[in-house]
Amino acid sequence: MNERTYLQESIRAVKMAQEFPSHAEYWDGYRCGLRRAQFGAGCGTDADHQRWLGMADSIYEIEAAFGRGYRDGLAV
């Protein structure tokens with residue numbers, strides 16, 4: 001991912017979280033995934049990375065939304 005894409009996607013995620021507060025956890029996870037994709041291991045530990053990925057399968061909707069967002073942000 002290049003810096004321009006990172007910045008554009010980060011801004012989009014902030015706007016989406018503001019526009020749709022009921023989905024804010026997803027967009028928070030998305031931004032975290034973007035940071036990990038852009039900056040690598042400098043953004044969270046490997047344990048954090050594994051935990052955040054695993055959250056996508058959580059039985060708790062807030063955790064699951066964050067995890068799905070994280071995974072999607074990594075994939076940009």
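Conventions and cut-offs
Residues numbered from 1 in each chain as written. Predicted model: local features only at pLDDT ≥ 70, side-chain atom pairs only at ≥ 80, totals over all residues. Heavy atoms only, no water. Helix = DSSP H or I, 4+ residues; strand = E, 2+ residues; numbered from the N terminus. Rg over C-alpha atoms; globule rule 2.2 N^0.38 Å. Buried < 20%, exposed > 50% of the residue type's maximum accessible area, 1.4 Å probe, protein only. Contact = heavy atoms within 4.5 Å. Phe/Tyr/Trp six-rings, centres within 6.5 Å; stacked < 30°, edge-to-face > 60°.

Moving on, we get to the overall build of the chain. Across its full length, the chain holds 4 helices and 0 strands. Taken over the C-alpha trace, the chain has a radius of gyration of 12 Å; the compact-globule value for 76 residues is 11 Å, and the two agree within 12%. Along the first, second and third principal axes, the C-alpha atoms of the chain reach 35 × 30 × 15 Å. Counting every position in the chain, which comprises 76 residues, the buried fraction comes to 36%. Partitioning the contacts of the chain with sequence separation of at least 6, the portion at a separation of at least 24 is 54%.

The subject of this paragraph is the packing of aromatic side chains. One pass over the structure, following the stated rule, counts 6 aromatic pairs. Seen from their ring centres, Trp52 and Tyr70 are 5.4 Å apart, and the 65 degrees between their planes marks the pair as edge-to-face. Of this pair, Trp52 sits in helix α3 (residues 46-54) while Tyr70 sits in helix α4 (residues 61-74), and the two are 18 residues apart along the sequence. Residue Trp52 is classed as buried on the basis of its relative accessible area, which comes to 15%. According to the relative accessible area criterion, Tyr70 is buried, its value standing at 0%.

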